[in-house]
Amino acid sequence: MDAFLLILMSLALAGTIVFSVFAFVKGKDHRRRNFLKSGGCLYACFVLAMFVGSEDGALLTFLVILMVTALAGMVVFFILAFVKGKGNRLGNFLKSGGCLLALLAFVLIAGAMSEDVPVTEEVNASITDKEAEAKAKQEEEDKEREAKEQEEKERDEQEAKEQAQKELEEQEAKEQAQKELEEREAKEQAQKEQEEREAREKAQKDQEAKEAEEQKKKEEEERKAKEEAEQKAKEEEERKAKEDSVTVSQKQAVAMAEHYLSFMAFSKSGLIDQLEFEGFSTEDATYGVEHISVDWQEQAVIKAEEYLDFMAFSRQGLIDQLVFEGFSQEHAAYAASQVGL
């Protein structure tokens, strides 16, 4: 496989050189395309070098390829300097010198990398020793950790046993406390039920006493209501009897009082006096006035308006006149206010 890759690398290198030569021999029309083909062959050569060795080996191989390319370019341009004629000689010499400089630079880089190889090997050896020491140290640490884990495990087991014993004791203490609590609650519940029973009995007695008192009160109210109803019925009977016993003269007094009030305002006493003037007795006149529907305060207002229709009065004079007519002081003052005085 490596031999096949080396053959391919040789073909790629040869293609690089050939297309580079064609780039200058074929003329300007084909120069760019030949340079591209030369670059493609060079890239293929580098890729194949990467497959052949390690990364460092591939870089050295690539540098060797560049060195060979630079050497080939230097020879080609040197030959062309004498073949192409004097017109292109200087340019070809310059190109040949550039290839020589590139060759020297690649040689220096390859030499520096070759010197670094032993150092790299020493570094790799040192790294290997350090890895061995680290591995031994890691194994020792693993043993110590295992011993420590074993010790912690035993300690955890001991603590677990102690914890289990402690939890067992706590559980027993908790069960004992729970039992005592249940006994105390049962005792309190029994006492509470006794108190509730006594309270219910007391409430029942109080309720019975209250109901008895309410019944007594109700009976008393019913008795009073009955007495009031009887009294009211008796008064109604007396009123009816009294109404039945109304005389013709009293009825005439009522009619006469209503007649006078239909066209003139009177006070209560003034109307009684008017009925007496008409020939009714004081008893019949009083009966007639008391058995008509009349607002004496309104009568005072009407009387005040009648006085003001034919005579001028001051407020106090009008009040005094209305009092003289038999109206009360209150009704007289109200009437004076109503007529605007």
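Overview of the structure. All values reported here derive from a predicted model rather than from experimental measurement. (Residues numbered from 1 in each chain as written. Predicted model: local features only at pLDDT ≥ 70, side-chain atom pairs only at ≥ 80, totals over all residues. Heavy atoms only, no water.)

**Some thoughts on the packing of aromatic side chains**
What characterises a pair of aromatic rings is the spacing of the ring centres plus the angle enclosed by the ring planes.
Then step 1. Tallying each qualifying case throughout the model produces four aromatic pairs.
Then step 2. With centroids separated by 5.7 Å and ring planes inclined at 80 degrees, the aromatic side chains of Tyr260 and Phe266 adopt a geometry described as edge-to-face.
Then step 3. Residue classification places Phe266 among the buried residues on the basis of a relative accessible area of 10%.
Then step 4. Ring geometry for Tyr307 against Phe313: centres 5.6 Å apart, planes inclined by 75 degrees, an arrangement best described as edge-to-face.
Then step 5. Clustering of aromatic rings is evident, with ring pairs tying together Tyr260, Phe263 and Phe266.
Then step 6. Against the face of Phe266 rests Lys303, its NZ or CZ located 5.6 Å from the ring centre. (Phe/Tyr/Trp six-rings, centres within 6.5 Å; stacked < 30°, edge-to-face > 60°. Buried < 20%, exposed > 50% of the residue type's maximum accessible area, 1.4 Å probe, protein only. Lys NZ or Arg CZ within 6 Å of the ring centre and 35° of its normal.)

**Focus: the nonpolar core**
Then step 1. Core analysis: the largest hydrophobic core is formed by 15 residues, its most contacted members being Leu271, Leu275, Val289 and Ile292.
Then step 2. Only helix H5 (248-261), helix H6 (268-277) and helix H7 (282-290) provide two or more residues apiece to this core.
Then step 3. If one sorts the elements of this core by residue count, H5 sits on top with five residues.
Then step 4. The contact partners of Leu271, leaving out residues within four places of it in the chain, are Ala257, Tyr260, Leu261, Phe266, Val289, Ile292 and Trp296.
Then step 5. Within the second largest apolar cluster, twelve residues are counted, among which are Ala304, Phe313, Ala332 and Ala335. (Core = buried A, V, L, I, M, F, W, Y, C linked by side-chain atoms within 4.5 Å. Helix = DSSP H or I, 4+ residues; strand = E, 2+ residues; numbered from the N terminus. Contact = heavy atoms within 4.5 Å.)

**Observations concerning helix H9 (residues 315-324)**
Then step 1. Listed in full, the buried residues belonging to H9 are Leu318, Ile319 and Leu322. One side of H9 holds all its buried residues, which, seen down the axis, span an arc of 100 degrees.
Then step 2. Looking at the buried positions of H9, the neighbouring elements they touch are helix H8 (296-310) and helix H10 (329-338).
Then step 3. Just past H9, the residue Gly326 takes up positive phi, approximately 110 degrees. (Arc of directions from axis to C-beta.)

**Observations regarding the pattern of salt bridges**
Pairing is possible between side chains of opposite charge, provided their charged atoms come close.
Then step 1. Scanning the entire structure with this criterion turns up six salt bridges.
Then step 2. A salt bridge links Glu220 to Arg223; its shortest N-O distance comes to 2.1 Å. Remark: Arg223 and Glu220 occur in helix H4 (residues 89-244); sequence separation between them is three residues, near one turn of the helix.
Then step 3. Of the residues examined, Arg223 reaches a relative accessible area of 37% and is grouped as partly exposed.
Then step 4. Residue Arg223 pairs with Glu227 through a salt bridge whose shortest N-O separation is 2.5 Å. Pair noted here: Arg223 and Glu227 are both in helix H4, with a separation of four residues, about one helical turn. (Salt bridge = Lys/Arg side-chain N within 4 Å of Asp/Glu carboxyl O.)

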